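# Fold and contact review
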Number of protein chains: 2
Amino acid sequence: MKDIRQLSSQGIRALIRKGKWDKPTAGLAMGYAQANLVILPQKYAFDFLLFCQRNPKPCPLLEVLEPGEFRTKSLSLDADIRTDIPRYNIYQKGKLHHTVKEIRRFWKPDFVSFLLGCSFSFEEALVRSKIPVRHIEENKNVPMFITNIPCKPAGVFRGPMVVTMRPIPSEKVSRTVQITSRYAWVHGAPIHIGDPSTIGIKALKKPDFGDPVTIKKGEVPVFWACGVTPQAVVMTVKPDLCITHSPGHMFISDLLNEELAIF
Amino acid sequence: MKDIRQLSSQGIRALIRKGKWDKPTAGLAMGYAQANLVILPQKYAFDFLLFCQRNPKPCPLLEVLEPGEFRTKSLSLDADIRTDIPRYNIYQKGKLHHTVKEIRRFWKPDFVSFLLGCSFSFEEALVRSKIPVRHIEENKNVPMFITNIPCKPAGVFRGPMVVTMRPIPSEKVSRTVQITSRYAWVHGAPIHIGDPSTIGIKALKKPDFGDPVTIKKGEVPVFWACGVTPQAVVMTVKPDLCITHSPGHMFISDLLNEELAIF
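This structure is a prediction, so every number in the text was calculated from the model and none was measured.

Once that is clear, we can look at the overall build of chain A. Counting secondary structure elements, chain A contains 7 helices and 11 strands. The C-alpha atoms of chain A give 18 Å as radius of gyration, which agrees with the globular expectation for 263 residues (18 Å, within 12%). Taken over the C-alpha atoms alone, chain A extends approximately 50 × 45 × 35 Å along its principal axes. For chain A, buried positions account for 56% of its 263 residues.

In this section: the confidence of the model for chain A. Residues at a pLDDT of 70 or more form 99% of chain A, whose mean pLDDT is 95. Here the complex is predicted with pTM 0.93, and the ipTM for its interfaces comes to 0.90.

This next bit is on the packing of helix H2 (residues 45-54) of chain A against helix H2 (residues 45-54) of chain B. Where H2(A) contacts H2(B), the two axes come as close as 10 Å, and the packing angle between them is 35°. The element H2(A) and its partner H2(B) pack so that their crossing is left-handed. Residues A:Ala45, A:Phe46, A:Leu49, A:Leu50 and A:Gln53 of H2(A) form the contact with H2(B), whose participating residues are B:Ala45, B:Phe46, B:Leu49, B:Leu50 and B:Gln53.

In the superposition of chain A on chain B (RMSD 0.0 Å, axial shift 0.0 Å), the rotation amounts to 180°. A rotation of that kind, with that shift, is consistent with a two-fold axis. Relative to the rotation axis, the closest C-alpha in chain A is found at A:Phe46, a distance of 2.6 Å. The overlap is high: 100% of the interface residues of chain A also sit at the interface in chain B, so the same surface is used on both sides.

All names here are of chain B. Mapping Thr164 onto the fold places it in strand E7 (residues 160-169). Since its relative accessible area comes to 2%, Thr164 is described here as buried. Side-chain polar atoms of Thr164 contact the side chain of Arg166, separated by 2.7 Å. Setting aside residues up to four positions removed in sequence, Thr164 forms contacts with Val142, Pro143, Met144, Val222, Phe223, Trp224 and Cys226.

With that settled, consider the sheet that holds strand E8 (residues 192-193) of chain A. All names here are of chain A. Strand order in the open sheet made by the 4 strands is E6-E7-E9-E8, with antiparallel pairing throughout. With one partner strand each, in any of the chains shown, strand E6 (144-150) and E8 form the two edges of the open sheet. When strand E7 (residues 160-169) meets strand E9 (residues 219-225), the two strands line up antiparallel, connected through 7 bridges. Directly across from Val163, in E9, lies its bridge partner Ala225. Contacts from helix H5 (residues 173-181) reach E7, E8 and E9, with the element oriented near 15° to E9.

What the rule picks out here adds up to 35 salt bridges over all chains. Of the charged contacts in the structure, one is a salt bridge between B:Arg104 and B:Glu102, with a shortest N-O distance of 3.4 Å. Three or more residues are tied together by salt bridges with common partners; here these are A:Arg13, A:Arg17, A:Asp78, A:Asp84 and A:Asp254.

Another aspect to go through is the interface of chain A and chain B. Residue-level contacts link 23 residues of chain A with 23 residues of chain B. With both chains or domains summed, chain A and chain B bury close to 1900 Å², and 64% of this area falls on carbon and sulfur atoms. It is A:Phe46, A:Gln53 and A:Glu66 that lose the most area in chain A upon contact with chain B, and together they represent 31% of the buried surface on that side. Linking chain A to chain B there are 2 salt bridges. Remark: the boundary between chain A and chain B carries 8 residue pairs in polar contact (both at pLDDT 80 or more). Elements with a contribution of two residues or more to the side of chain A that touches chain B: H2 and strand E2 (61-64) of chain A.

Let us look at the environment of B:Ile168. Residue and element names in this part refer to chain B. Among the structural elements, Ile168 can be located in strand E7. Sequence-wise, Ile168 and Ile193 are 25 residues apart; in three dimensions their C-alpha atoms are separated by 9.7 Å. Aside from chain neighbours lying at most four places away, what touches Ile168 is Ile131, Pro132, Val173, Thr176, Gly218, Glu219, Val220 and Val222.

Turning next to the environment of B:Pro24. If you trace the backbone, B:Pro24 turns up in the loop between helix H1 (9-17) and strand E1 (32-41). Look past the residues within four positions of B:Pro24 in its chain and what remains in contact with it is B:Gly248 and B:His249.

At A:Lys130, a position not held by glycine, the phi torsion is positive, near 60°. Unlike most non-glycine residues, B:Asn139 shows phi in positive territory, near 55°.

Counting 68 residues, the largest nonpolar core has A:Phe114 and B:Phe114 as the members making the most contacts within it. Non-local contacts of B:Phe114, meaning those with residues more than four positions away in its chain, are made with B:Asn36, B:Leu37, B:Val38, B:Ala45, B:Phe48, B:Leu49, B:Leu61, B:Glu63 and B:Val64.

Read across the sheet, 4 strands follow the order E6-E7-E9-E8 (chain B) without closing on themselves; strand pairing throughout is antiparallel. Taken across any chain shown, the strands that pair with only one partner, and hence form the sheet edges, are strand E6 (144-150) and strand E8 (192-193) of chain B.

With that out of the way, let us pick up the packing of helix H3 (residues 120-128) of chain A against H5(A). Residues and elements named next belong to chain A. Close contact between H3 and H5 brings their axes to 9 Å; oriented N to C, the two are set at 135°. Taken together, the axes of H3 and H5 are oblique relative to one another. Considering how the two elements wind past one another, H3 and H5 form a crossing that is right-handed. Between H3 and H5, the residues in contact are Phe122, Ala125 and Leu126 and Thr176, Ile179 and Thr180, respectively. Looking at the contact of H3 with H5 residue by residue, the classes come out as 4 nonpolar, 2 polar and no charged.

Our next topic: the pairing of E1(B). Remember that side chains alternate between the two faces of the sheet whenever the strand is regular. All names here are of chain B. Counting buried residues along E1, 9 of its 10 residues qualify, which places the element largely inside the surrounding structure. Alignment of E1 against strand E11 (residues 251-256), held across 3 bridges, turns out to be antiparallel. Paired with Tyr32 across the bridge in E11 is Leu256. Pairing of E1 with strand E5 (residues 111-117), which is carried by 7 bridges, proceeds in the antiparallel orientation.

In an α-helix there are 3.6 residues to a turn, and that puts residues three or four apart on one side. Counting buried positions over the 10 residues of H2(B) gives 10, a clear majority of the element. By the burial criterion, the buried members of H2(B) are B:Ala45, B:Phe46, B:Asp47, B:Phe48, B:Leu49, B:Leu50, B:Phe51, B:Cys52, B:Gln53 and B:Arg54.

About the criteria used
Residues numbered from 1 in each chain as written. Chains lettered and ligands numbered in written order. Predicted model: local features only at pLDDT ≥ 70, side-chain atom pairs only at ≥ 80, totals over all residues. Heavy atoms only, no water. Helix = DSSP H or I, 4+ residues; strand = E, 2+ residues; numbered from the N terminus. Rg over C-alpha atoms; globule rule 2.2 N^0.38 Å. Buried < 20%, exposed > 50% of the residue type's maximum accessible area, 1.4 Å probe, protein only. pLDDT = per-residue confidence, 0-100. Axes fitted to C-alpha atoms, helices over the stretch in contact; angles between N-to-C directions. Left-handed = near helix turned anticlockwise from the far one by under 90°. Contact = heavy atoms within 4.5 Å. Least-squares fit on C-alpha atoms with pLDDT ≥ 70 in both. Polar contact = N/O pair within 3.5 Å; in protein donor to acceptor, adjacent residues only side chain to side chain. Pairing = 2+ DSSP bridges. Salt bridge = Lys/Arg side-chain N within 4 Å of Asp/Glu carboxyl O. Buried area = accessible area lost by both parts, 1.4 Å probe. Core = buried A, V, L, I, M, F, W, Y, C linked by side-chain atoms within 4.5 Å. Parallel < 35°, antiparallel > 145°, perpendicular 65-115°, else oblique. Nonpolar A, V, L, I, M, F, W, Y, C, P; charged D, E, K, R; others polar.

Below, the structure is given as structure tokens:
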């Protein structure tokens, strides 16, 4: 198992499918895009798809499956989203009920699965360009904040945008914008640069989710739309049932991050 | 009326709303994005939204309205899509039944309206960069071709991609790719450059829609995904009812083309 970092995306999914890997996926299958999962009963599907269409920065759709479908087509040709994620959270009426390693026994024919992009894709590009990614350096979870920026509502779904923050040396902020702009389908360019209070954030030391990170002299806080937004928005509606990946335990696709870049 | 080219997007929509302009909209409100319209009964809405999500190059969604809603929010704050388009086509079971100047009397509370981007947005950027746009020079409709490239199907919707062709001097092809890449939300970069037969096009002189244009020595045929694709795809399903704009008679938004550019 110590060689898991050398495995291909297919190889890791095969391990996960057999229940032999139930840990976080950060750092695995480097170069390949990882995805967030949201599964909803069909009655919520149009509204949620519309919500994602209206809010592409926090909710970048990589693939949406037909009702009842559990095999991906774009992200992989041999994946089963009922078994190929290390840990799933099952929510009933907005409350976490179980965390499980596979969801075949919970599957229903009206389930619609949404796979959304993850900031791992652009963080890899930042690291490759020698731009520091502090939470990776400090081996922490990225700090996340609830902002005062409302998402555009759609049907029953509404709520504020959640953002991630990465401190960037001021002379590298332009390059950071350029690099992340290439990943327009995966959160893309920052949504805010500088004063956190402008977007309703009171204390960078007290993130709403994740861990605080060191901000060094000469660094500017840079904020990106965050994939926690869609999950937070779904939970406000308290659907009868909703299944997601467990945070950090992502779906590993066969698509290269480079294939997600727009140019 | 001879001053219509000087009017703002709001001014032109006001004229159209009063029934005082029912001609094509090319060249009006320069700088502002124009949009294609597809209205479908709600039972088709999830499948069509999914089709657009899976095929963003031919089907770039600018705005989707909630079921029954006829006022836009993103594209304009004062538009009514029942009255603000010069001419509408009403299709019943896939056949054109009427062409009308407003659709208030046909409106139903389960109608879902999809507004899709239009290549006018990137053509303006090409012209501004001194890249020739032949059908504009020759005062023709852009040549369109049905390709052998299948769209990704979604629910009941499937069909081949339709493309537009613009001949570009070979030394300007790279610049053309760069410029149109900025408009990723509005068809974006070309989907094919060069030999038409590769994508199933037999004769550039015989487009499936629009007019043939002159291809000069040293010019390369360059192909972009075309907004006719979603309409063609909808018609194959022969929905009970479908309302679209009449070709060339677009919705004029208050959004600048520059606002649609990704960077």
